[in-house]
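For reference, the chains in residue letters:
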Amino acid sequence: MDRFQEMSVFEAVADELSMSAAGRRLHLSAPTVTRAIDALEKRLGVALLRRSTRGVEVTPAGERFLADCRRILAEVADADRSASGLHTSPRGRLQVSMPLLFGQSLMTPILLEYLQAHPRVEVFGVYQDRVPNLHEEGIEVAVQVGALPDSSLFAAKVGDVRRIICASPDYLNQHGTPSHPEQLVDHQIVHSSADARTPEWQFVQQGGVKRYPLLPRLSCATNHAAIAAAERGAGLVRCMSYQVHESLMAGRLQPVLQRFELPVLPVHVVYREGRRAAARVRSFVDLAVARLRVHPALNSD
């Protein structure tokens, strides 16, 4: 069995968490699957799986190798489709990464529109508030907020977002609207550890950036929880403008201290292969870029 076949067997075992189930999926006998995994582990010199009476479990080394396997096998499948003329028709599995609240509020309609237009594509959405490594994690398309590092990735800018401070109208009516960051000490602060581990906010003052350490009245593990608390009058919260776009439009939150805001952050749709990308990637990027570039959450003044 060659290396490509061994990788295919390992991917199936990792998916099924069972040697016998992987064999049935690939139409191979259980001993053949076992021999392929043993040969692969011997060649690599690491244990990819832990065996037990209940089945198998992928080791940390196996998880890293699995990401590479998925990427390589997908690229080989794309090459086959390209050679056979199938590359121009969107099909297959598309893995898209995006920030959690960005995905929920802005990307979900785009994903649904794309799936309706391309019934032969299966989309796997990865919602995570961190910058992924597309090559290592097998992700084909990602939405990234902030400056892009130098890399071999292709990118299309779709807009800008801001870090803003906001609170509910009821809270501001009761406690007053701050006009300067120095007044934060007189206000209740809602902090999200997903936004920043250290409870401090930064503001532009006199041409530079000044940091203000905070003593939060309420600390939350997620941005969603912190925003929900602020909508209910818990205090001032800092978040990305796209995260509260609907809340601002509906009047549930109001921005404050806008003249002290940090510079805007660019938003990009990034992908790996450029014009060589599979049809599912190119068609999804085209749709996502077109929709996001006109979305008011990314293009408001």
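Residues numbered from 1 in each chain as written. Predicted model: local features only at pLDDT ≥ 70, side-chain atom pairs only at ≥ 80, totals over all residues. Heavy atoms only, no water.

Peer 1: What exactly am I supposed to notice about the sheet that holds strand E4 (residues 121-127) here?
Peer 2: Hydrogen bonding along the main chain pairs the strands of a sheet, whether they run parallel or antiparallel. With mixed pairing, five strands are arranged side by side in an open sheet as E4-E3-E5-E14-E6. Across the chains shown, the open sheet's two edge strands, defined by having one partner strand only, are E4 and strand E6 (154-161). Geometrically, the sheet is characterised by an average inter-axis angle of 15° between neighbouring strands, direction not taken into account. Two elements, E6 and strand E14 (residues 265-271), share seven bridges in a ladder whose sense is antiparallel. In the strand pairing of E14, Val 161 is matched with Leu 265. (Pairing = 2+ DSSP bridges. Helix = DSSP H or I, 4+ residues; strand = E, 2+ residues; numbered from the N terminus. Axes fitted to C-alpha atoms, helices over the stretch in contact; angles between N-to-C directions.)

Peer 1: Hey, could you run me through the sheet that holds strand E12 (residues 236-240) in this one?
Peer 2: Read from one edge to the other, the open sheet built from five strands follows the order E11-E8-E12-E7-E13, with strand pairing classed as mixed. Only two strands of the sheet have a single partner each, and these edge strands are strand E11 (218-220) and strand E13 (254-256). The sheet shows a mean angle of 35° between the axes of neighbouring strands, direction not considered. Where strand E8 (residues 189-192) meets E12, two bridges bridge the pair, whose relative direction is parallel. Along E12, the bridge assignment pairs Ile 189 with Leu 236. Each of E8, E11 and E12 is contacted by helix H8 (residues 223-231), which is oriented at about 165° to E8, the strand it contacts most. (Contact = heavy atoms within 4.5 Å.)

Peer 1: How do you make sense of H8 when you look at a structure like this?
Peer 2: An α-helical segment advances 3.6 residues per turn. Residues three or four places apart therefore align on the same side. Among the residues making up H8, those that are buried are Asn 223, Ala 226, Ile 227, Ala 228, Ala 229 and Ala 230. Buried residues along H8 sit against helix H5 (100-117), E8, E11 and E12. Where H8 ends, the next residue or the one after it, Gly 233, has phi of about 90°, a positive value. (Buried < 20%, exposed > 50% of the residue type's maximum accessible area, 1.4 Å probe, protein only.)

Peer 1: I would appreciate a short explanation of the environment of Ser 8 in the present structure.
Peer 2: The residue Ser 8 is located in helix H1 (residues 3-16) in this model. Each C-alpha atom of the pair Ser 8 and Tyr 242 lies 40 Å from the other, and the pair is 234 residues apart in sequence. The contact partners of Ser 8, leaving out residues within four places of it in the chain, are Leu 26 and Leu 73.

Peer 1: Please explain the packing of H1 against helix H2 (residues 19-26) as it appears in this structure.
Peer 2: A packed helix pair is summarised by two numbers, namely the angle formed by the two axes and the spacing between the axes. Relative orientation of the contacting elements H1 and H2 amounts to 125°, with a least axis distance of 8 Å. Of the possible angle classes, the one that applies to H1 and H2 is oblique. Read as a crossing pair, H1 and H2 show a hand that is right-handed. Taken together, the residues of H2 that come into contact with H1 (itself represented by Ser 8, Val 9, Ala 12, Val 13, Asp 15 and Glu 16) are Met 19, Ala 21, Ala 22, Arg 25 and Leu 26. The residue makeup of the contact of H1 with H2, split by class, is seven nonpolar, one polar and three charged. (Parallel < 35°, antiparallel > 145°, perpendicular 65-115°, else oblique. Left-handed = near helix turned anticlockwise from the far one by under 90°. Nonpolar A, V, L, I, M, F, W, Y, C, P; charged D, E, K, R; others polar.)

Peer 1: Any chance you could explain empty space enclosed by the protein here in plain terms?
Peer 2: Summary: where empty space remains is shown by rolling a probe the size of a single water molecule over the atoms. Evaluated as defined, the whole model comprises two cavities of 30 Å³ or more. Volume-wise, the largest cavity comes out at about 70 Å³. In terms of lining residues, the largest cavity is bounded by Arg 163, Ile 164, Ile 165, Gln 202, Phe 203, Arg 238, Val 256, Leu 257, Phe 260, Glu 261 and Leu 262. Residue assignment for the lining of the largest cavity shows that the elements contributing at least two residues are strand E7 (163-167) and strand E9 (200-205). When residues in the lining of the largest cavity are grouped by element, the largest group, three residues, is from E7. In terms of residue class, the lining of the largest cavity is made up of seven nonpolar, one polar and three charged. (1 Å grid on protein atoms, 1.4 Å probe; cavity = no way out; pocket = protein on both sides within 12 Å on 5 of 7 lines; lining within 4 Å. Points joined across faces, edges and corners; volume = space filled by probe spheres on them.)

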